[in-house]
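# Structural features, examined
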Amino acid sequence: KQWYQRRVRGLSAQRASTKFVEDEELAYVMTRYRENHDFLHTLTGLGVTVPEEICLKWYEMVQTELPMCYLSAAFGPIPLPLSEKQFLLSKQIPWGLACGRASAFFMNIYFERELEHDINDMRRRYKISVAPNNIST
């Protein structure tokens, strides 16, 4: 549970409520997607820098095929410095594609039932590996 208290609670608490979605059920789905996105940050070891968000979008693009993921993955890297683009292309995008294909569909994971489990056991069960998240690694 410590992994949840350290990372996810802080990320989710900072989120604004879902906007521009009038249908109550669709708003819930979007809220749930955002909560699961926060859990993924923790499971993958990715922070919230722009390159790390783009890396996670590649994973989510493979998993969900949502247009917003394609757009973020394709256009998000444009303003990045060359060194971050190179790291993204050589390490993070290949990880996102491979992990997205290999792992369980993240929207079906009931994360709240996992809070007492060891994070490494969860990674093994759901086939989610830690992402490369440092240019120097």
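One can find the structure itself at the top, above this paragraph.
Residues numbered from 1 in each chain as written. Predicted model: local features only at pLDDT ≥ 70, side-chain atom pairs only at ≥ 80, totals over all residues. Heavy atoms only, no water.

## Quick notes on the overall build of the chain
- The number of helices and strands found in the chain is six helices and zero strands.
- When burial is assessed residue by residue, the chain has 42% of its 137 residues classed as buried.
- For the chain, restricting intrachain contacts to residue pairs at least 6 apart in sequence, the fraction spanning at least 24 positions comes to 71%.
- Surface summary for the chain: the accessible area is close to 8100 Å², and the carbon and sulfur share equals 56%. (Helix = DSSP H or I, 4+ residues; strand = E, 2+ residues; numbered from the N terminus. Buried < 20%, exposed > 50% of the residue type's maximum accessible area, 1.4 Å probe, protein only. Contact = heavy atoms within 4.5 Å. Areas by Shrake-Rupley, 256 points an atom, 1.4 Å probe, with all protein chains shown as cover.)

## A look at the side chain of glutamine 92
- Residue position: glutamine 92 is located in helix α5 (residues 82-102).
- With residues up to four places along the chain from it excluded, the contact list for glutamine 92 reads Leu46, Pro51, Glu52, Cys55, Phe87, Pro132 and Asn133.

## Remarks on the pattern of salt bridges
- A complete count under the given rule lists five salt bridges for this structure.
- Notably, a salt bridge pairs glutamate 60 with lysine 57, separated by 2.9 Å at the nearest N-O pair. Of the two residues, glutamate 60 and lysine 57 are both situated in helix α3 (residues 50-64); the distance of three residues between them amounts to about one turn of the helix. In terms of burial, glutamate 60 and lysine 57 fall into one category: buried.
- Across the pair arginine 124 and aspartate 121 runs a salt bridge whose closest N-O atoms are separated by 2.3 Å. Separated by three residues within a single helix, arginine 124 and aspartate 121 lie in helix α6 (residues 119-126), roughly one turn from each other.
- Residue class for arginine 124 comes out exposed when judged on its relative accessible area of 56%.
- Taking the relative accessible area as the measure of exposure, aspartate 121 reaches 34% and is therefore partly exposed.
- When salt bridges with common partners are traced through the structure, they connect Arg32, Glu35 and Glu112 into a single cluster. (Salt bridge = Lys/Arg side-chain N within 4 Å of Asp/Glu carboxyl O.)

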